[in-house]
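# Fold and contact review
Here is how the chains run, residue by residue.
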Amino acid sequence: MQVLNAEKNEILQRIRIRFFFQTSSLLKKIEDFGGKMLKVHAVANSRSVRVIWLLEELELNYELNTMDFDQSVGKVLSEEHKKRHPLGKVPVLETAGQYIWESGAIVQYILDTQNDNGLKPAASSGSYGKYLQWFHYCEGTLMPAAVNVISDQFFTPESDQDHERIAKERAVLDDVLSVIDEELTEDYLIGDFSAADIMIGDAIRLAKAIGWQNSSYTNLESYYARLESRPPFLRALELS
Ligand SMILES: N[C@@H](CCC(=O)N[C@@H](CS)C(=O)NCC(=O)O)C(=O)O
């Protein structure tokens, strides 16, 4: 009998331990995925906008830490931010006890861990390949073309500017934007609005801010106007 009781106690103890771990991991999930578990470290007018835009589209709770770039270098110089991102860049998403950087990765992470609300087509759908293509065209092709112009024209003193080089960089940016202009046949990149529009739309915003040469981007202009009429985008611009 004593042996049976000891066995029973041991089983009960094991159940209690398992219950404890299950409950605490559930509580952690609630803590992480409930209230304000998403914190965005951002700078106004930067790639942070796309992350905030997505969170606004998904109507998720999040906390926002808006910082400033040191204007002389166009960087966040605080040591505190270096702990979040080794290069001190933005955006950074703080969640589940870690810092995640790279705007595309952050957008993907939010879509995969929260309800994506239809902003990402299923891998089995016919539009998934095109979705990925446009999503990555942003940081893979469009942003590098825009950043070349930004750094050589806007972050280089006038006296040191190489005008021939800047003209070539502007021509590349022009080509990259023309591709979007020519391929846009519907309201949004893959037909329905998706996170690819958030990535590309935010990059177009930056490209527009540095002024584009080509005045015949008919589709691009109306596409951007369509994006700009979305209240979550406008809120992201106000907030960041
Ligand atoms: N590929 C990165 C680029 C991040 C990036 O360069 N962010 C800019 C703001 S838009 C920045 O922090 N610049 C300051 C610096 O380079 O130190 C991303 O998509 O998050």
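Everything that follows concerns the structure shown earlier in this document.
Quick summary incoming for the structure in this document. Because the structure is a prediction, the values reported are computed rather than measured.

The rules we used
Residues numbered from 1 in each chain as written. Predicted model: local features only at pLDDT ≥ 70, side-chain atom pairs only at ≥ 80, totals over all residues. Heavy atoms only, no water. Near = heavy atom within 4 Å. Polar contact = N/O pair within 3.5 Å; in protein donor to acceptor, adjacent residues only side chain to side chain. Areas by Shrake-Rupley, 256 points an atom, 1.4 Å probe, with all protein chains shown as cover. Nonpolar A, V, L, I, M, F, W, Y, C, P; charged D, E, K, R; others polar. Salt bridge = Lys/Arg side-chain N within 4 Å of Asp/Glu carboxyl O. Helix = DSSP H or I, 4+ residues; strand = E, 2+ residues; numbered from the N terminus. Buried < 20%, exposed > 50% of the residue type's maximum accessible area, 1.4 Å probe, protein only. Axes fitted to C-alpha atoms, helices over the stretch in contact; angles between N-to-C directions. Parallel < 35°, antiparallel > 145°, perpendicular 65-115°, else oblique. Left-handed = near helix turned anticlockwise from the far one by under 90°. Contact = heavy atoms within 4.5 Å. Phe/Tyr/Trp six-rings, centres within 6.5 Å; stacked < 30°, edge-to-face > 60°. Pairing = 2+ DSSP bridges. Right-handed = clockwise from strand over helix to strand, strands pointing away.

## Some words on the site of the ligand
All residues in the neighbourhood of the ligand are listed as Ser 46, Arg 47, Phe 69, Gly 74, Lys 75, Leu 87, Lys 89, Val 90, Pro 91, Glu 102, Ser 103 and Glu 139. With respect to the ligand, the side chain of Arg 47 contributes an N or O atom lying 3.2 Å from an oxygen atom. Burial of the ligand by the protein amounts to 85% of the accessible area it has alone, namely 510 Å². Residue composition of the shell around the ligand, by class: 4 nonpolar, 3 polar and 5 charged.

## Describing the pattern of salt bridges
On inspection of all chains with the given rule, the structure shows 13 salt bridges. Glu 57 is the salt-bridge partner of Arg 230, the closest N and O atoms lying 2.8 Å from each other. Of the two residues, Arg 230 is situated in the loop between α8 (218-228) and α9 (231-239) and Glu 57 in helix α2 (residues 48-57); the sequence distance between them amounts to 173 residues. A relative accessible area of 12% places Glu 57 in the buried class. Residue Lys 120 pairs with Asp 112 through a salt bridge whose shortest N-O separation is 2.5 Å.

## A closer look at the side chain of Glu 56
Inspection of the secondary structure assignment puts Glu 56 in helix α2. Side-chain polar atoms of Glu 56 contact the side chain of Tyr 62, separated by 2.4 Å.

## A word on unusual backbone geometry
Here Val 90 and Pro 91 are connected by a cis peptide whose omega angle stands at 0°. By the element assignment, Pro 91 lies in the loop between α3 (79-82) and β3 (92-95). Positive phi outside glycine occurs at Asn 117, with the angle close to 55°. Mapped onto the elements of the fold, Asn 117 is located in the loop between α4 (103-113) and α5 (128-154). Since its relative accessible area comes to 47%, Asn 117 is described here as partly exposed.

## Some points on the packing of α5 against helix α6 (residues 163-183)
Between two packed helices, both the angle of their axes relative to each other and the distance between the axes serve to describe the pair. The N-to-C vectors of α5 and α6 enclose an angle of 155°; their axes lie 9 Å apart at closest approach. If you check the angle between α5 and α6, you find them roughly antiparallel. Two packed elements cross with a definite hand, and for α5 against α6 that hand is left-handed. Mapping the contact onto sequence places Lys 130, Trp 134, Tyr 137, Thr 141, Leu 142, Ala 145, Ala 146, Asn 148, Val 149, Asp 152, Gln 153 and Phe 154 in α5 and Arg 165, Ile 166, Glu 169, Arg 170, Val 172, Leu 173, Val 176, Leu 177, Val 179, Ile 180 and Glu 183 in α6.

## A look at the packing of aromatic side chains
Across all of its chains, the model carries 7 aromatic pairs by this definition. Taking the centre distance of 3.9 Å and the plane angle of 15° together, the rings of Trp 53 and Phe 233 count as stacked. You can see Trp 53 sitting in helix α2 and its partner Phe 233 sitting in helix α9, a full 180 residues away along the chain. You can call Phe 233 buried: its relative accessible area is 0%. Measuring from ring centre to ring centre gives 5.8 Å for Tyr 131 and Phe 135, while their planes differ by 55°; the resulting arrangement is tilted. Of this pair, Tyr 131 and Phe 135 both sit in helix α5, separated by 4 residues, roughly a single helical turn. The buried category is assigned to Phe 135, whose relative accessible area is 2%. These aromatic residues form a ring-pair network of at least three members: Trp 53, Tyr 188, Phe 193, Tyr 224 and Phe 233.

## Here's the deal with the packing of α2 against α9
The geometry of α2 relative to α9 is characterised by a closest axis approach of 8 Å and an angle of 135° between their N-to-C directions. Classified by the angle between their axes, α2 and α9 sit oblique to one another. Relative to α9, α2 is oriented so that their crossing is right-handed. From α2, Val 49, Ile 52, Trp 53, Glu 56 and Glu 57 reach across to α9, where they touch Pro 232, Phe 233, Arg 235, Ala 236, Leu 237 and Leu 239. In terms of residue class, the contact of α2 with α9 is built from 8 nonpolar, no polar and 3 charged.

## A short note on the pairing of strand β2 (residues 63-67)
Bridge count between strand β1 (residues 39-43) and β2: 5 bridges; the pairing is parallel. Directly across from Val 40, in β2, lies its bridge partner Leu 64. You can see the chain leave β1, run along α2 and come back into β2, and the turn it takes is right-handed.

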